[in-house]
Amino acid sequence: MKPSKIYSFIALGFLLLALLVFVSGGYSFVGIPTIDLFFALVAFAYVTAFIALMKNTKSVLSWSVLILVSILVVCVIYFISNF
């Protein structure tokens with residue numbers, strides 16, 4: 001498996017973990033508020049997707065993951081700033 005695919009799958013894993021943490025909002029996990037954990041996981045997903053894109057700029061999967069994480073970040077920023 002190519003490194004870009006591995007990084008893309010890891011980014012998707014971070015994104016799924018972030019969504020699971022977001023669903024369980026309002027609780028704390030090992031003393032860390034879930035919103036902080038959510039932001040940390042989204043940041044990990046974004047950085048990992050960017051690394052995957054830099055490994056292979058022609059990969060459709062890498063571009064898709066980066067676009068998906070970017071859309072999620074924009075939606076979260078919109079949600080936080082308007083509600």
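Residues numbered from 1 in each chain as written. Predicted model: local features only at pLDDT ≥ 70, side-chain atom pairs only at ≥ 80, totals over all residues. Heavy atoms only, no water.

Details of the overall build of the protein
Link 1 in the chain: When helices and strands are counted, the protein shows 3 helices and 2 strands.
Link 2 in the chain: From first element to last, N terminus to C terminus, the protein shows the α and β order α-β-β-α-α.
Link 3 in the chain: Counting only C-alpha atoms and orienting by the principal axes, one finds that the protein spans roughly 40 × 30 × 15 Å.
Link 4 in the chain: Split into buried and exposed, the 83 residues of the protein put 27% on the buried side.
Link 5 in the chain: Across the protein, the fraction of contacts at a sequence separation of at least 24, relative to all contacts at a separation of at least 6, is 62%.
Link 6 in the chain: Total accessible area on the protein is roughly 5600 Å²; 77% of this is exposed by carbon and sulfur atoms. (Helix = DSSP H or I, 4+ residues; strand = E, 2+ residues; numbered from the N terminus. Buried < 20%, exposed > 50% of the residue type's maximum accessible area, 1.4 Å probe, protein only. Contact = heavy atoms within 4.5 Å. Areas by Shrake-Rupley, 256 points an atom, 1.4 Å probe, with all protein chains shown as cover.)

Here's the deal with the side chain of Thr48
Link 1 in the chain: You can see Thr48 is positioned in helix 2 (residues 34-55).
Link 2 in the chain: Look at Thr48 and you get buried, because its relative accessible area is 10%.
Link 3 in the chain: The residues touching Thr48, leaving out its near neighbours within four places in the chain, are Tyr7, Ile10, Ala11 and Phe14.

Geometric descriptors of this kind do not, in isolation, establish any biological role.
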